[in-house]
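Listed below are the residues making up each chain.
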Amino acid sequence: MKHFLSISLLLVLCASSPAIAQTKLRLRGSDTLGAKLLPQLAEAFKKQAGMVSFDIAAEGSSTAFTNLLTGTAEIGMSSRKVKPDESADFRTKGKDLREFEIAWDVIVIIVNKNNPVSDLKKKQVMQIFSGDIRDWSEVGGNPGQISIYTRNTSSGTYKDFMGLAMKSREYGSNSQKMAGNEQIAAEVGANPNGIGYLGLAYAHAKGTKIVTIEGAIPSTAEVKKYPYARPTFLYTNGEPAGTTKQFIDFCYSPVGEAIVTKVGFVPKSRAK
Amino acid sequence: MKDPAANSRPSLGSLLLKSQRRSFLGIEKQRAIRLFFASNSSVAIIVLVLIMLFLLREGMDFLPTYRHELETYRRAGLEFCDIIDRPLADHQQLCSKLRRAASASLNTVTNTARRRRDAAYEMMREVEEETRLQSSILADALVQIPPALPEHLNSVRQELRKATLIALERLQVSAVLTVAESQQLKSELALLSPEVLALPPLVTALSAEYIRVDDEAHTAFKPLVDAVESFEAVPDVLHTLLDEMKKHARETKARVTEIYGTEKQPPRQESVDFIRSIEALTSRVPELMGKVEEYALLAKKTAAALPREAGTPQATELLSEMRGLLPVHLAEMRQAAAGLPAWRHDKPVSYFDVIVAFFFGEAWITNSSWQDFFGFVPLLIGSVLIAVIAVLIATPFSVIAAIYTNQFASEREQEFIKPIIEFIQAVPSVVLGFIGISLLGDAIKGVSEWSWLQWIPGFPIQERLNMFNAACLLALMAVPTMYSLAEDALNNVPRSYLDASDALGATKLQTVFRVIVPAAKSGIAAAVLLGMGRVIGETMVVLLVAGNRIAIPDFSAGPGVIFQPAHTLTGIIAQELGEVSRGSAHWQALFMVGIVLFLISLLVNWCARAFVRQFEFNKS
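Owing to the predicted nature of the structure, the values given are computational and were not obtained by experimental measurement.

Residue-level account of the interface of chain B and chain A, with values.
Between chain B and chain A, the residue contacts involve 32 residues of the former and 37 residues of the latter. Taken together, the elements giving at least two residues each to the side of chain B that touches chain A come down to helix H6 (90-130) and helix H25 (569-576) of chain B. Taken together, the residues of the side of chain B that touches chain A break down into 7 nonpolar, 16 polar and 9 charged.

What follows is the structure in structure tokens.
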């Protein structure tokens, strides 16, 4: 009886110790990073390191900073750089924001497959998305009202595109704010007059085609030559330690970089 | 012998059988039970009051915060820049008309060449799409390290060749290319591979032909094209000066944010030397006014250079439209410029201005690099329109179903219909949202393209996520509520009415439609209102399906406006609450929207109760 009790106690402890040792990494932020890339990196990391569980919620880059600030995330994924008033928030609350550039992403412009327009000038892109050009016939397409699909305001892609393509002008009031990359692809694929922007990793959706910008083809080979390429980041609260540090180092390792390339981004070391 | 005191003690049996008034802590059992039930119901009231207080507390802070934002907007000079910048945006509308006119004219010459070139590109793209897998394998094999063996490369090339030939078999030939040309193109496309960097010769030839024809068109329409280009360049005289001023205003605003961070109620802004930075702007007012005048004269001159006639009647109409709108635009610009000297940077922003800016503002712009505006009107219109359409769709169905099941249906039919309608309530709203995106949107769009339905205003529809789509799903959700309440109202009509009508010799139909339904009408009205209250608060469906366009719908399309996308009060809260930091102006603006939603729901429910009370009053 005595031995039975002690053995069962030992077994219970052994059974629960993995649960005690397993760490939980919460990742919050960008839909561009968090829909495909980070889940795949997380899977590969779990296979290698074990004892860690991931909780990924991708609702837009702005949520990365709000979550890091309140302490509900260990890593923030952002497809844009931190804004001055956000970093001011971190300073006033005494938290130290660390930035890690993880991959370069290319924002491509997509139109419906049946749209004859296949090349746009940078000025035309700005005019279309800010609502100055309202009809496809103004850029050489068939007459029809342009339907613009953008991300919503919590998205880093939304903000980056404003800076890269629109010289910080506001989007036109006729733009429709979709929740994620896949939804934009679905709507542009279904609407012959649709236009939208996406990360390159999502650009091969059914029914859409990529538009070249003044002849420049978006590709992962020469990413910095294409006008709408931008770096994406991981942020942490303070210097990362323990499992967080291991995960970030994993993202920079050759295995991590191979995954980054496979998904359709360009790893930091190879961006030129 | 028992003493008398012992006789007065009751036995156990009689104790249990006799009801006694036992009290615990001074509260008797009956009162205790009553108190228990009363406290449970008052918990509900207390929670409701707490919710209202919480909403009010978070939302009322919005007024001072937004007032501070608008004051900064004025003091840093951004409002000053917008006085000219806003009317200038109309110039783009005029340019848009000119561009459309120009391209309509050019198209008359270049149409065929363009379609041929596009057809060739389309065929090339189709083949590339079909062989994407094999060509990406070949591309990877060519760059892999260590280099691939020649046999492997050759076999991959063979695969690609085979796939290309299969794709070419399936290729649809366009009618704009001659038979010989299509054959030539097909044979050229068979050689498509990642190793060949040059485009097929026919494609290049067709592109060159298009460029040649395009040049011809430009020469033929030279006056029109030149006039359009020079009109587009007219605002440049203003833009250089305006961009400088905007940069200066932005820098001032950035200094304010840096010094005061994101505090809700910073102290008076005396550290930032507003007076000096504003003088940098106001000192240039005469220069700006001069530039506006220059712009107006230049615009008139270039517009006069536009030809009367363009290639097509459509283009000519666009040109005359533009000529009609130009004087209006120039008058607006001149008026704005005349108001410049009177602008003061330290004019105080009153709370009344803030309330007007929120409740009557027409732009909801957040996360902007210029200035955030929280205008409530587009969201309110979206919510109200969707709710009204949903109620209009749901009311006939639910009321007629209620009349049928209550008055005409047999027992078996009643037992069959009622549970099914009430089962609709069990479907989760997010599932309905999915159905809306995938099935209903495509269905409505497909129906709108039927040629015999084109008389309906708004057909064929442009967007598949629109207000009508959301309203249909919301109507489906409201039907069970309306149906049950309408049926209850019909049930509550006193039997004496039915008997009296029968006694007078009325038929069943006459009884139902002339006696029972009018008697139940306020109950039915209450049912409709409660259905509306249910619909106005629905979030998930409208967020997924209504199209999320934050703009007042274009009512000039008449009844077709219901096929346009819109955003709603509930949708904006759900969409933006994840990204706002607690206590910021945006956060508080969302809570204000929440307060208004709450009040609307309360109002609708109060009206419904008033109807029911009136019904009961009439009855007695």
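Hey, could you go over the pairing of strand S3 (residues 75-78) of chain A for me, with residue numbers and the actual values?
Residue and element names in this part refer to chain A. On S3, burial covers both faces: Ile75 and Met77 on one face and Gly76 and Ser78 on the other are all buried. Note that strand S1 (residues 23-29) and S3 share 3 bridges and pair parallel. Within the sheet, the bridge partner assigned to arginine 28 lies in S3 and is glycine 76. Direction of pairing for S3 relative to strand S10 (residues 229-237): antiparallel, over a ladder of 4 bridges. In the sheet register, methionine 77 faces S10, and the bridge partner there is leucine 234.

An account of helix H19 (residues 429-448) of chain B is requested, with residue identities and associated values reported.
Residues and elements named next belong to chain B. Bending of H19 peaks at approximately 45° at the position of glycine 436. Those residues of H19 that fall on the buried side of the exposure criterion are Leu432, Gly433, Gly436, Leu440, Gly441 and Lys445. Its buried side turned inward, H19 meets helix H20 (467-491) and helix H24 (540-545).

Outline the pairing of S1(A), supporting the account with residue identities and numerical values.
Across a regular strand the side chains alternate sides, sitting on one face of the sheet and then on the other. For S1(A) and strand S2 (residues 52-58) of chain A, the ladder comprises 7 bridges, and the chain directions are parallel. In the strand pairing of S2(A), Gly29(A) is matched with Ala58(A).

Account for the nonpolar core, with residues named and values stated.
With 66 residues, the main nonpolar core has Val108(A), Ile109(A), Ile110(A), Leu198(A) and Phe265(A) as its most contacted residues. With 9 residues, strand S4 (residues 97-112) of chain A is the largest single contributor of residues to this core. Ranked by size, the runner-up nonpolar core spans 57 residues in total, among them Leu432(B), Cys472(B), Ala478(B) and Met482(B).

Go over the packing of helix H17 (residues 377-408) of chain B against helix H23 (residues 521-536) of chain B, please, and point to the residues and values.
To characterise two packed helices, one gives the angle between the axes of the helices and the distance between these axes. All names here are of chain B. The interhelical angle for the contact between H17 and H23, taken along N-to-C directions, is 135°, at an axis separation of 9 Å. With respect to H23, the element H17 is oriented oblique. At the point where H17 passes H23, the crossing takes the right-handed sense. Within the contact between the two elements, H17 uses Ser383, Ala387, Ala390, Val391, Ala394, Thr395 and Val399 and H23 uses Ile524, Val528, Gly531, Met532, Val535 and Ile536. Considered class by class, the residues forming the contact of H17 with H23 number 10 nonpolar, 3 polar and no charged.

The rules behind each value
Residues numbered from 1 in each chain as written. Chains lettered and ligands numbered in written order. Predicted model: local features only at pLDDT ≥ 70, side-chain atom pairs only at ≥ 80, totals over all residues. Contact = placed C-beta atoms within 7 Å. Helix = DSSP H or I, 4+ residues; strand = E, 2+ residues; numbered from the N terminus. Nonpolar A, V, L, I, M, F, W, Y, C, P; charged D, E, K, R; others polar. Buried ≥ 20, exposed ≤ 12 C-beta atoms within 10 Å, placed from the backbone. Pairing = 2+ DSSP bridges. Bend = angle between axes of the 7 residues up to and from the residue. Core = buried A, V, L, I, M, F, W, Y, C linked by C-beta atoms within 7 Å. Axes fitted to C-alpha atoms, helices over the stretch in contact; angles between N-to-C directions. Parallel < 35°, antiparallel > 145°, perpendicular 65-115°, else oblique. Left-handed = near helix turned anticlockwise from the far one by under 90°.

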